Each structure stands twice: as structure tokens, then as C-alpha cells.
Amino acid sequence: GENVEQHPSTLSVQEGDSAVIKCTYSDSASNYFPWYKQELGKRPQLIIDIRSNVGEKKDQRIAVTLNKTAKHFSLHITETQPEDSAVYFCAATQMDSSYKLIFGSGTRLLVRP
Amino acid sequence: EAQVTQNPRYLITVTGKKLTVTCSQNMNHEYMSWYRQDPGLGLRQIYYSMNVEVTDKGDVPEGYKVSRKEKRNFPLILESPSPNQTSLYFCASSFPQGRAFFGQGTRLTVV
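These remarks concern the structure in this document. Everything numeric here is computed off the predicted structure, so don't read it as measured data. (Residues numbered from 1 in each chain as written. Chains lettered and ligands numbered in written order. Predicted model: local features only at pLDDT ≥ 70, side-chain atom pairs only at ≥ 80, totals over all residues. Heavy atoms only, no water.)

Quick look at the packing of aromatic side chains
What counts, and what does not: The pairing test for Phe, Tyr and Trp rings, Trp by its six-membered ring, is centres within 6.5 Å, and the orientation test on the planes gives stacked under 30 degrees, edge-to-face over 60, and tilted for anything in between. Numbering of helices and strands runs from the N terminus, with a helix taken as a DSSP run of H or I at least four residues long and a strand as a DSSP run of E at least two residues long. Any residue under 20% of the maximum accessible area for its type is buried, any over 50% is exposed, and the rest in between are partly exposed; the area is computed with a 1.4 Å probe on protein chains only.
All chains considered together, the criterion is met by twelve aromatic pairs over all chains. Relative to Phe102 of chain B, the ring of Tyr35 of chain B lies with its centre 5.8 Å away and its plane at 40°, an arrangement referred to as tilted. Residue Tyr35 of chain B is found in strand 4 (residues 31-38), and its partner Phe102 of chain B is found in strand 10 (residues 101-102); the two are separated by 67 residues along the sequence. In this structure Phe102 of chain B comes out as buried when scored by relative accessible area, which is 3%. Considering the side-chain rings of Phe90 of chain B and Phe102 of chain B, the 6.2 Å spacing of their centres and the 90° angle between planes classify their relative orientation as edge-to-face. Separated by twelve residues along the polypeptide, Phe90 of chain B in strand 9 (residues 87-94) and Phe102 of chain B in strand 10 bring together distant segments of the chain. Here Phe90 of chain B falls in the buried class, since its relative accessible area comes to 1%. Site record: aromatic cluster; members linked through ring pairs are Tyr36 and Phe103 of chain A together with Tyr35, Phe90 and Phe102 of chain B.

Laid out in C-alpha cells, this is it:
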């Protein structure tokens, strides 16, 4: 089945700097890669997603890139703000009859004012 | 408003006392699932359902049951809770290979 590895587990950046979180996946047939943000005590919420027919997607300060050959995808946050502090999860679709999402272990991002 | 609703939000119970956590969605999603979240272990899938009357085990199904009698509801049942089931639980729903919407979470403590 699909395996998703996420790095780093913690990331501390200065406000205004960029943050990059990377994930690798094992199933070359996977075709859907969402990113979720989870603030303390809250539910995970989708912030951006990408499908395998696209190499990059942007939404304001957030971007996701996908390298299908290398089987990795990354989340890029530019001009970080304190409210970006949260745990971020990547995920990939397992391409069997279940189509379930397999999540990475999460990255705790701290943006220092 | 499109949403996934879980109840209760917080629950403290004793070992062995059966409990049910409800989950309901109003988006007509076929796919629903339950996750538990423990520190350092991320989100682990307990059970999922691809449609009414179709359920299957996820990665950590031991000690849990589910049912899907209606499309909108997907309750999680703990027949005999144990302390190692103390965790934060999330229900989620989506269209197949689509964006997953999560419920508010249920923090369960088994003493």
C-alpha cells in the first residue's frame, strides 16, 4: 500500500521568511495530493491540493509542487505570519479499491514574531 | 452550510462501558472515514465506508465497529473501551479521491 513520509517534523522560521515542507510517496499511481493545516485544538482543514496532471499550484502565499518522477511533493509558504503556526499534514491517495488518503506524520511549524 | 458534525466533543468514560460517537455529513459524500490522532503518530485511519452498507477496516480497526445504514451517518462504536483507546477522534467525508472534510473532533478519555 501507499506510504507517505513527511519532513521535517518541526520547523521554526522568522516571520516574513519562507517555509518548505516536503513529502515523499511510494505508489507511483497516486494522483491526488492534499495538504491540511491543523491549528491547536481544531480540526484539519484543507489549504491546497494538487492532482498528478499538474506540476505546481499556487494560492496567494501558499504553493504546492509535485515531482511525479521522484515521487515527492512540497508545500511552500512565503512571507510567513504568526497565524501560519500550526501542524501541517500532507497526504496521498492509495490507488487500490479503497482510494483512501494516507497521511504523513505532520510538521509542526512555528513562526516567530 | 457544508459540514461534518461529530458528537460528543468530549467524553470521559470507564473501561468496558459501550459508547458511540456519531458523525453526520450534509454534502451527499459517498466516502466517510474515522481517524484517531495521537501525539507523534499523525492521523491513522480506523474504518472507512465507500457507500451505504459498504465498510472496511483501516489501519487500526481493533476494538472499534462502524455501521453505514444511511449515506449521511457513520457512527463509531466502542463495544468495550480500554484506556489505550484514549485519543482524539475525527470523522471525515469526501467524494472518492476528493477533498476530505473533517468533523470538529471528539476527545475521548477512557479511565
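Things to note about the pairing of strand 1 (residues 4-7) of chain A
All names here are of chain A. Which entries qualify depends on this criterion: Whether two strands pair depends on DSSP finding at least two bridges between them.
Because side chains alternate across strand 1, one face comprises the buried residues Val4 and Gln6, and the other comprises Glu5 and His7, none of which is buried. Alignment of strand 1 against strand 3 (residues 19-25), held across four bridges, turns out to be antiparallel. Within strand 3, the position partnered with His7 by the bridge is Lys22.

With respect to the state of the cysteines
Note the threshold: Two cysteine sulfurs form what is called a disulfide whenever their separation falls within 2.5 Å.
Taken as a whole, this structure holds two disulfides over all chains when the rule is applied. Put simply, Cys23 of chain A and Cys90 of chain A are joined by a disulfide, and their sulfur atoms are 1.9 Å apart. When the S-S torsion is -100°, as for the bridge of Cys23 of chain A with Cys90 of chain A, the disulfide is left-handed. Of this pair, Cys23 of chain A sits in strand 3 while Cys90 of chain A is found in strand 9 (residues 86-93), placing the two residues 67 residues apart along the sequence. Overall, the relative accessible area of 0% leaves Cys90 of chain A in the buried class. One disulfide bridge connects Cys23 of chain B with Cys91 of chain B, the sulfur atoms lying 1.9 Å from each other. Torsion about the S-S bond of the Cys23 of chain B and Cys91 of chain B cystine: about -70°, corresponding to left-handed handedness. One end of the pair, Cys23 of chain B, is in strand 3 (residues 19-25); the other, Cys91 of chain B, is in strand 9, and 68 residues separate them in sequence. The same class applies to Cys23 of chain B and to Cys91 of chain B, which are both buried.

Considerations on the interface of chain B and chain A
This is how the line gets drawn: Every residue pair with non-hydrogen atoms within 4.5 Å of one another is taken to be in contact. The term buried area denotes the loss of accessible surface (1.4 Å probe radius) that occurs when two parts are joined, taken as the sum for both partners. We define a salt bridge as a side-chain nitrogen of Lys or Arg found within 4 Å of a carboxyl oxygen belonging to Asp or Glu. Amino acids are sorted into nonpolar (Ala, Val, Leu, Ile, Met, Phe, Trp, Tyr, Cys and Pro), charged (Asp, Glu, Lys and Arg) and polar (every other residue, Gly among them).
At the junction of the two partners, chain B supplies 19 residues and chain A supplies 19 residues. Of the roughly 1,700 Å² buried between chain B and chain A on both sides combined, carbon and sulfur atoms contribute 54%. For the chain B face of the interface with chain A, the top three residues by lost area are Leu43, Gln97 and Phe102 of chain B, together amounting to 36%. Our count for the contact surface shared by chain B and chain A stands at one salt bridge. Residues Asp59 of chain B and Lys100 of chain A are paired through a salt bridge, measuring 3.4 Å at the closest nitrogen-oxygen approach. Elements with a minimum of two residues in the side of chain B that touches chain A: strand 4 and strand 5 (42-51) of chain B. With five residues, the single largest contributor to the side of chain B that touches chain A is strand 5 of chain B. Considering only residue class, the side of chain B that touches chain A consists of nine nonpolar, eight polar and two charged.

Points about the nonpolar core
Side chains of nonpolar character tend, in soluble globular proteins, to be buried together. Basically, it comes down to this: In this description, a nonpolar core means a group of buried Ala, Val, Leu, Ile, Met, Phe, Trp, Tyr and Cys residues linked to one another through side-chain atoms lying within 4.5 Å.
Ranked by size, the top nonpolar core spans 24 residues in total, and within it Trp35, Phe73, Leu75 and Leu109 of chain A carry the most contacts. Those elements that provide at least two residues to this core are strand 2 (10-14), strand 3, strand 4 (32-38), strand 5 (45-51), strand 7 (62-67), strand 8 (72-77), strand 9 and strand 11 (107-112) of chain A. Setting aside its immediate chain neighbours within four residues, Leu75 of chain A contacts Ala19, Val20, Ile21, Trp35, Ile47, Ile48, Ile62, Ala63 and Tyr88 of chain A. The next biggest cluster of nonpolar side chains, apart from the first, holds 19 residues, and it includes Val4, Leu19, Cys91 and Leu108 of chain B.

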